[in-house]
Amino acid sequence: MIKHSSGDFARLPFTVTVTRGNMVESRHQVIAAISDANGKYLKSWGDIESPVYLRSAIKPLQALQLVETGAADAFNVSEKELSLACASHTGEPLHVDAVQAWLSRMGLSIDDLECGVHWPTYEVAGRALAAAGKQPTSAHNNCSGKHTGFLTTALHMKEGTKGYINLAHPVQQRIIKVLEDFTGIDLTDAPIGIDGCSIPTIGVPLDKAALAFARFADPSRLDTDRAAACRRIQKAISHHPDMIAGSDRLCTALNGVAKGKVVAKVGAEAVYLAALPDEGLGIAIKALDGTTRAAEVALGALLDDLGVLTDDMHKVIDPYVRPVLRNRNDIIVGHLQAVISDETST
């Protein structure tokens, strides 16, 4: 559900409200931008010109080098594996097994992954692993598919596979070049942090992130090889949405039911990026308090405003974009909704 307010709020964030009973209990502030591939911003909310760490939301762009260098073809990377290279997966057996098989095919192992170890984020998978008396490995890391893609590229380009997470490594330098190409800005002096999986994360203004995903959505102005790489990644995600995230995740639900009309990717700290290939638009969202539930509701609201979502799509994604609050007795006690100003055209 979207509630619209009036007034000149073009430079203000919009809010996602959390209602319990007849009272608003919490409010999340959200900044967002919608751009086309020419850099025309249809709408924006809040300070979209300050840099934001896009985190895992840019994985589809990070995966471009896997295709563009020829590494994907050289190592027979399947469409399913290409989706996995863009994933923040839940550590379920289908993800872990795929990562291990891909590494093995290249003569590598989980010891070559530099992403770190954590338990599966899908509770069922974590409980099963613990019940079997096993410990997680780097393959269970939600970013292990992306890191396997990095290793594939480094191996193909005859670059060192050790230290591929470091900023100076060619794998990471290619990512920065891709970001500069798609955002149209020089990132030499951009803020740099270290992501959860230990690779560099670059601060990018949210408006330029929307532009980058618009160009990813509509790559017709790009050179032939890059345009083909964008479309190949879009298809991989749409055809294998289970690999991009996993059970009980909006990324899997939305990318699956949208069937290529929306290619969306979440990032840590409540970032969401979405490409709309049919419209040639990119959406960039950041909930300022880092709460992912707010970013999910915001994404659903903006897709609704753009007329992208159908009733059938809503049936699949509403648990995420129109969530209700339930107590321990499974009684509905509240709901979330986006409150968006009508005066936001730029």
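In this report, the structure presented in the accompanying data block is examined.

Thresholds applied
- Chains are numbered independently. Their residues run from 1 in the order of the written sequence.
- Selection of residues for local features in this predicted model requires a pLDDT of at least 70, selection of side-chain atom pairs for listing and counting requires 80 or more, and totals for whole chains, interfaces and linings are taken over all residues.
- Values reported for side chains reflect all heavy atoms of the structure, with hydrogen atoms and water molecules removed beforehand.
- Only the stretch in contact is used when a helix axis is fitted, and all axes are lines through C-alpha atoms; the angle between N-to-C directions ranges over 0 to 180 degrees.
- Numbering of helices and strands starts at the N terminus; helices are DSSP runs of H or I of at least 4 residues and strands are runs of E of at least 2.
- Angle categories are assigned with fixed cut-offs, so that under 35 degrees is roughly parallel, over 145 is roughly antiparallel, 65 to 115 is roughly perpendicular, and the rest are oblique.
- Contacts were defined at the residue level, with two residues in contact if any of their heavy atoms lie within 4.5 Å.
- Classification convention: Asp, Glu, Lys, Arg as charged; Ala, Val, Leu, Ile, Met, Phe, Trp, Tyr, Cys, Pro as nonpolar; all other residues, Gly among them, as polar.
- The criterion for strand pairing is that DSSP finds at least two bridges linking the strands in question.
- Space inside and on the surface of the protein is sampled on a 1 Å grid over the protein atoms alone, with a cavity defined as a set of points where a 1.4 Å probe fits but cannot get out and a pocket as an open set with protein on both sides within 12 Å along at least 5 of 7 lines; lining residues have an atom within 4 Å of a point.
- Grid points are joined across faces, edges and corners, and a volume is the space filled by probe spheres set on the points.
- By definition here, a helix of n residues has an expected span of 1.5 Å times n minus one.
- Each residue's exposure class comes from its accessible area (1.4 Å probe, protein chains only) as a fraction of the maximum for that residue type: buried when under 20%, exposed when over 50%, partly exposed otherwise.
- Here, a salt bridge means any side-chain nitrogen of Lys or Arg that lies within 4 Å of a carboxyl oxygen of Asp or Glu.
- Here the aromatic set is Phe, Tyr and Trp, taking the six-membered ring for Trp, and pairing holds for ring centres within 6.5 Å; pairs whose planes are under 30 degrees apart are stacked, those over 60 apart are edge-to-face, and all others are tilted.

1. Topic: the packing of helix H13 (residues 292–305) against helix H14 (residues 311–321)
In the contact formed by H13 and H14, the axes pass within 8 Å of each other and the chain directions differ by 140 degrees. The orientation of H13 relative to H14 falls into the category oblique. Only His 314, Tyr 320 and Val 321 of H14 make contact with H13, whose side of the interface consists of Glu 296, Val 297, Gly 300 and Asp 304. When its residues are assigned to classes, the contact of H13 with H14 shows three nonpolar, two polar and two charged.

2. Comments concerning the sheet that holds strand S5 (residues 51–53)
Sheet architecture is open: three strands sit in the order S5-S7-S6, paired in antiparallel fashion. The open sheet is flanked by S5 and strand S6 (192–194), the only strands paired with a single partner. Going from strand to strand, the sheet's axes swing by 35 degrees on average, the running direction of each strand aside. Relative to strand S7 (residues 200–205), S5 is paired through three bridges, and the arrangement is antiparallel.

3. A look at the layout of surface pockets
Taken as a whole, the largest pocket spans an internal volume of roughly 380 Å³. Lining the largest pocket are 25 residues, and of these Ser 88, Asn 142, Arg 249, Val 266 and Ala 268 lie nearest its centre. Of all the secondary-structure elements, those providing two or more residues to the lining of the largest pocket are helix H12 (250–258), strand S8 (263–267) and H13. With three residues, S8 is the largest single contributor of residues to the lining of the largest pocket. Residue composition of the lining of the largest pocket, grouped by class: nine nonpolar, ten polar and six charged.

4. Some details on empty space enclosed by the protein
A complete count under the given rule lists three cavities of 30 Å³ or more for this structure. The volume enclosed by the largest cavity comes to roughly 100 Å³. In terms of lining residues, the largest cavity is bounded by 14 residues, among which Ile 58, Gln 62, Pro 200, Thr 201 and Ile 202 are the most central. The set of elements that each furnish at least two residues to the lining of the largest cavity consists of helix H8 (170–183) and S7. Residue composition of the lining of the largest cavity, grouped by class: nine nonpolar, three polar and two charged.

5. Details of helix H9 (residues 206–217)
Because the α-helix completes a turn every 3.6 residues, residues three or four places apart line up on one side. Its twelve residues give H9 an end-to-end C-alpha distance of 16 Å, which sits within 8% of 16 Å, the value for a rise of 1.5 Å per residue. Counting buried residues along H9, ten of its twelve residues qualify, which places the element largely inside the surrounding structure. Within H9 the residues assigned to the buried category are Leu 206, Asp 207, Ala 209, Ala 210, Leu 211, Ala 212, Phe 213, Ala 214, Phe 216 and Ala 217.

6. What about the pattern of salt bridges?
Summed over all chains, the structure comprises 16 salt bridges. Of the charged contacts in the structure, one is a salt bridge between Arg 322 and Asp 318, with a shortest N-O distance of 3.7 Å. Among the charged side chains, a salt-bridge network with shared partners connects Glu 68, Lys 177, Asp 181 and Arg 226.

7. Things to note about the packing of aromatic side chains
Summed over all chains, the structure comprises three aromatic pairs. Measuring from centroid to centroid gives 6.3 Å for Phe 150 and Tyr 164, while their planes differ by 65 degrees, and the two rings are edge-to-face. Taken together, the positions of Phe 150 in helix H7 (residues 144–156) and Tyr 164 in the loop between H7 and H8 put the pair 14 residues apart, joining distant regions of the chain. Pair check on accessibility: Phe 150 and Tyr 164 agree, each one buried.

Read these as geometric descriptors, not functional statements.
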